[in-house]
Amino acid sequence: MMETEQVATATRLLAHDTFDNKCALRPIMDQTTSRWATLIISALVAGPHRFARLHARVGGISQKMLSQNLKALARAGLVARHVAPTNPPQVTYSLTELGVSLAGPLTDLIRWYGQHGDELLAAQKHYDSRQA
């Protein structure tokens, strides 16, 4: 590899160029900005939740999908899993400091959808009527 190529590769990797398909952060971005992950993080802004409470709060998510997303969020360092030494064990989930820092922008995005929902639906309806 030529020196300029090495410098370009190093710069890309160090800068975390998320537009590059080889960016190491891309899989984490995919996992943490999915529909379910965004809603889970937003639900945890209110404070720690047990699994059943999160399942009830995030309408439409299956238990399997909730479990997979919680594991991915914990692996990314965004969610902490706390197990109380009771019988049966009580597990609660909460945002880590890193998760709290992501929660702001994500909840802003959800708020934006709420503010512009009627416009988005009207635009879709208009687009669909032109396609028919």
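Now for a look at the structure at hand.

About the criteria used
Residues numbered from 1 in each chain as written. Predicted model: local features only at pLDDT ≥ 70, side-chain atom pairs only at ≥ 80, totals over all residues. Heavy atoms only, no water. Salt bridge = Lys/Arg side-chain N within 4 Å of Asp/Glu carboxyl O. Helix = DSSP H or I, 4+ residues; strand = E, 2+ residues; numbered from the N terminus. Buried < 20%, exposed > 50% of the residue type's maximum accessible area, 1.4 Å probe, protein only. Pairing = 2+ DSSP bridges. Core = buried A, V, L, I, M, F, W, Y, C linked by side-chain atoms within 4.5 Å. Contact = heavy atoms within 4.5 Å. Patch = residues over 30% accessible without salt bridge, like charges linked within 9 Å, V, L, I, M, F, W, Y side chains within 5 Å. Areas by Shrake-Rupley, 256 points an atom, 1.4 Å probe, with all protein chains shown as cover. Phe/Tyr/Trp six-rings, centres within 6.5 Å; stacked < 30°, edge-to-face > 60°. Axes fitted to C-alpha atoms, helices over the stretch in contact; angles between N-to-C directions. Parallel < 35°, antiparallel > 145°, perpendicular 65-115°, else oblique. Left-handed = near helix turned anticlockwise from the far one by under 90°. Nonpolar A, V, L, I, M, F, W, Y, C, P; charged D, E, K, R; others polar.

1. Some remarks on the pattern of salt bridges
Next up, step 1: A full pass over the atoms with the stated rule returns one salt bridge.
Next up, step 2: Asp108 is paired through a salt bridge with Arg111; the nearest N and O atoms lie 2.6 Å apart. Here Asp108 and its partner Arg111 are both found in helix α6 (residues 97–131), three residues apart, which amounts to about one turn of the helix.
Next up, step 3: According to the relative accessible area criterion, Asp108 is partly exposed, its value standing at 43%.

2. As for the sheet that holds strand β2 (residues 79–84)
Next up, step 1: The three strands lie next to each other as β1-β3-β2, forming an open sheet whose pairing is antiparallel. Each end of this open sheet is capped by a strand with a single partner; those strands are β1 (49–50) and β2.
Next up, step 2: Examined bridge by bridge, β2 and strand β3 (residues 90–95) share six bridges and lie antiparallel to one another. Counted as the bridge partner of His82 is Thr92 from β3.

3. Notes on the nonpolar core
Next up, step 1: In terms of nonpolar packing, the biggest core is built from 19 residues, with Ile40 and Leu54 touching the most fellow members.
Next up, step 2: The set of elements that each furnish at least two residues to this core consists of α3 (35–44), α5 (63–75), β3 and α6.
Next up, step 3: By residue number, the principal contributor to this core is α3, which donates six residues.
Next up, step 4: In contact with Leu54, other than residues within four places in its own chain, are Ile40, Ala43, Leu44, His49, Leu66, Leu70 and Tyr93.

4. A word on a nonpolar patch on the surface
Next up, step 1: Taken together, the side chains of Leu109, Trp112, Tyr113 and Leu120 make up a nonpolar region of the molecular surface, amounting to roughly 380 Å² of accessible area.
Next up, step 2: With respect to the element layout, Leu109 can be found in helix α6.

5. Quick look at the packing of aromatic side chains
Next up, step 1: Within this structure, the stated rule accounts for one aromatic pair.
Next up, step 2: A ring pair is formed by Trp112 and Tyr113, whose centres lie 5.3 Å apart and whose planes are at 80 degrees; its orientation type is edge-to-face.

6. Focus on the packing of α3 against α6
When two helices pack together, their arrangement is given by the angle between the helix axes and the distance between those axes.
Next up, step 1: Across the interface, α3 lies against α6 with an axial gap of 9 Å and an inter-helix angle of 110 degrees. Relative to α6, the element α3 lies roughly perpendicular. Taken as a pair, α3 and α6 cross one another with a handedness that is left-handed. Only Gly99, Leu102, Ala103, Leu106, Thr107 and Ile110 of α6 make contact with α3, whose side of the interface consists of Thr38, Leu39, Ile41 and Ser42.
Next up, step 2: Taken together, the residues that form the contact of α3 with α6 break down as six nonpolar, four polar and no charged.

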